[in-house]
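Summary of structural features
Spelled out from the first residue to the last, the chains are:
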Amino acid sequence: MDLDLPVPLSASYKGTFAYGTVKDRIPKILTKLVDTCHKQVKNVEELHGKDGCVDALSVVGKLSQLRSEIMTDKPLTYLDDTLPDVHIWNQRFDTYVKDKGQLPTWFTAPWLYIECYMYRKIQGIIHKSKFMSNFDTFMDQKQRALEQSLDAVRSLTKFLHDCTGAGKLNDCNHVKSLFSDFIQISLWGNKCDLSISGGEENAQSTAGPHENLQALHKFVLVNDIDKMWKHLNTVQKNKQVHIDIILDNAGFELFTDLVLCEFLLKTKLVDSIRLHPKIMPWFVSDVTNSDFQWTLDRLESEPLDGVAEFIGSLRERINDKQIQLERSDAMTMFWSFPDAFCRMQKSSPQLYNYLSKSDLIIFKGDLNYRKLVGDLDWPHETPFATTLRGFTPAPLCALRTSKANVMVGLEPGQAERAESEDENWMVAGKYAVIQTWMP
C-alpha cells in the first residue's frame, strides 16, 4: 500500500459511522432478510415438497449464522459458491492476508471491503440453494418503496411535461435552468436508500424534490453543474453525444434518473445514454436488470396522470437504442467488486475501455462515490481529482447525497460550518455534492 495515502475507513473505532453500521445496521438488514426467507419456506415446500422445505430452511440458517459471525467479529472466509466472480473475491481475500499477515474480520478490515463482502456472501448463500437460487431477497422492499412513492412519481411526471411541452425548449437560458433542475432532482432522488435506513421505509412520500430545489440548494456543498452544461454544449457542436449513468437505487431514485434521461434526450443535449445496473441484488435497494424491467411494467400499468405515456416514450427510446440498459455480465460485474474504481483498468479492462469512449459518465449515489475516492479518510479539502488516483477514463460527475464519513473537494471552512449546523452532516443524506472531473 502507498504509505502516503490516508487510511481506509473501518469499523475499528467505536463511535464512528462505520462501527455503527457493522454493529447495528448490517445485523438489522440481515434480521429482515432472515424473516423474508423464512416466509418463503412454506411457498417452497408447497412447490417442491420436503426437499424444498429443507433447502429453504438451510438458507435461513446460513443467513442467521452470517449475522452471528458479524456481531461476534469472526474472520471472513473464502467464498465457496460458483458465481462467475468468486475467484476475484478469493484473490482479494488472499491479498489482504498477504499484506496484513492476518485474516480480515468484520470490525477490523476496511469498511468498503467487508460491507461489499456481506452482500456478496448473501448472494452466494442464495445461489447455492437448489430451489431459491433466483430469489431476490430484497425485491419486496424495493417494490414497496416505489409503491409508496407514486404521488411523487405523478408530481414529477407532471413537472417534466409542463417544463418541456411544445415551444418551451426554444430559449437556451430556459433549457440551461431546467438542466440544473433535473440534475438536482436526480441528485436528491438519492436520498431514498434502503441500505442506509436498514431496510426500513425510505420512500419519497412527499411531492418530490423538484418542489424544494431552492430550499435544498444550500446543502449542495460542491456544485459543478455549470461545468457539466458547458462541457455537453461544447461536445455537442462537434459530434453526437453519448453518456453513461452508473445507477444506484431502485424505486423513486431510478425514476428521477429516467426523468433526467428523457430531459437530456428531448433537449438533444445528448443523443444516447447507457444505463449500468448491478449484476445481482446489492446494498438492499440497488437497481438490477429485473428491477428496471419491473419498474417500467409497474408504472405503465398504473392509471397515474401522464405516467403511462411517459413510460411509453421511454420504451420507444429503448427500442431506438437512445437508451440502453447494459446487460453483459462482463460489463456489469465490476460494480459489485470490493474495488476502488482506480483498479478498474486492471481488473475490468473491457469496461474501462468502453467508458473511455463516453462523453460524460455520471456516477449516482454514495457507494459509487466511496469507490471513486477509495473510501479513504481524505482531508476534506483534498481535490476531487487527487482522490480519483488516476481513474479518468472520460469526463465524469458524481451526484451524491452524503451517507458515509468521506467527503472531498471542499473549500476551507465548509466542513466546519456544516458540522456546526449538524454533527451528522456527512452521514444523514442531508448534504450533497455535484462534483466533476474534466480533462
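Computed from a predicted structure; not experimentally measured.

Details of the packing of helix α5 (residues 150-164) against helix α6 (residues 172-189)
Helix packing geometry: the angle between the two helix axes and the distance between the axes. The contact between α5 and α6 brings their axes to 12 Å, and the two run at 165°. As far as their axial angle goes, α6 and α5 are roughly antiparallel. Read as a crossing pair, α5 and α6 show a hand that is left-handed. In contact with L156, F159, L160 and C163 of α5, α6 contributes H174, L178, D181, F182 and I185. Along the lines of polarity and charge, the residues of the contact of α5 with α6 split into seven nonpolar, one polar and one charged.

What to know about the pattern of salt bridges
Counted under the stated rule, the structure contains 24 salt bridges. Linking R298 and E147 is a salt bridge whose minimum nitrogen-to-oxygen distance equals 2.6 Å. Pair noted here: R298 is in helix α10 (residues 289-300) and E147 is in helix α4 (residues 139-147), with a separation of 151 residues, a long-range link. Salt-bridge contacts for E262 lead to R317; the nearest nitrogen and oxygen are separated by 2.7 Å. Taken as a pair, E262 in helix α9 (residues 252-266) and R317 in helix α11 (residues 307-319) lie far apart in primary sequence, 55 residues in all. Judged by relative accessible area, which is 12%, R317 ranks as buried. Among the ionic contacts, a cluster of salt bridges with common partners joins D81, D85 and R120.

Looking at the sheet that holds strand β6 (residues 396-401)
Overall, mixed pairing links the seven strands, which are arranged β1-β7-β6-β5-β2-β3-β4 in an open sheet. Edge positions in the sheet fall to β1 (220-223) and β4 (323-325), since each of these pairs with one other strand and no more. Sheet twist, expressed as the average angle between the axes of neighbouring strands with direction ignored, equals 15°. Across the sheet, helix α8 (residues 225-236) touches β1, β2 (242-246), β5 (360-364), β6 and β7 (432-437), and the angle it forms with β7 is around 40°.

Quick word on the packing of aromatic side chains
A complete count under the given rule lists 27 aromatic pairs for this structure. Their ring planes at 65° and their centres at 6.3 Å tell us that W89 and Y117 sit as a pair that is edge-to-face. With a gap of 28 residues between them, W89 in helix α2 (residues 86-100) and Y117 in helix α3 (residues 111-128) connect regions that are remote in the sequence. We classify W89 as buried; its relative accessible area is 2%. With a relative accessible area of 4%, Y117 lands in the buried category. One aromatic cluster is present, formed by F334, W335, F337, F341, Y352, F363 and F391 through successive ring pairs.

Concerning the nonpolar core
The biggest cluster of nonpolar side chains holds 150 residues, and the ones touching the most others in it are W106, I122, F179, I243 and L275. Looking at which element gives the most residues to this core, the answer is helix α1 (residues 17-71), with 18 residues. Excluding anything up to four places from it in sequence, W106 contacts A11, V22, L66, E69, I70, D73, K74, L76, I114, Y117 and M118.

Calculation rules
Residues numbered from 1 in each chain as written. Predicted model: local features only at pLDDT ≥ 70, side-chain atom pairs only at ≥ 80, totals over all residues. Heavy atoms only, no water. Axes fitted to C-alpha atoms, helices over the stretch in contact; angles between N-to-C directions. Helix = DSSP H or I, 4+ residues; strand = E, 2+ residues; numbered from the N terminus. Parallel < 35°, antiparallel > 145°, perpendicular 65-115°, else oblique. Left-handed = near helix turned anticlockwise from the far one by under 90°. Contact = heavy atoms within 4.5 Å. Nonpolar A, V, L, I, M, F, W, Y, C, P; charged D, E, K, R; others polar. Salt bridge = Lys/Arg side-chain N within 4 Å of Asp/Glu carboxyl O. Buried < 20%, exposed > 50% of the residue type's maximum accessible area, 1.4 Å probe, protein only. Pairing = 2+ DSSP bridges. Phe/Tyr/Trp six-rings, centres within 6.5 Å; stacked < 30°, edge-to-face > 60°. Core = buried A, V, L, I, M, F, W, Y, C linked by side-chain atoms within 4.5 Å.

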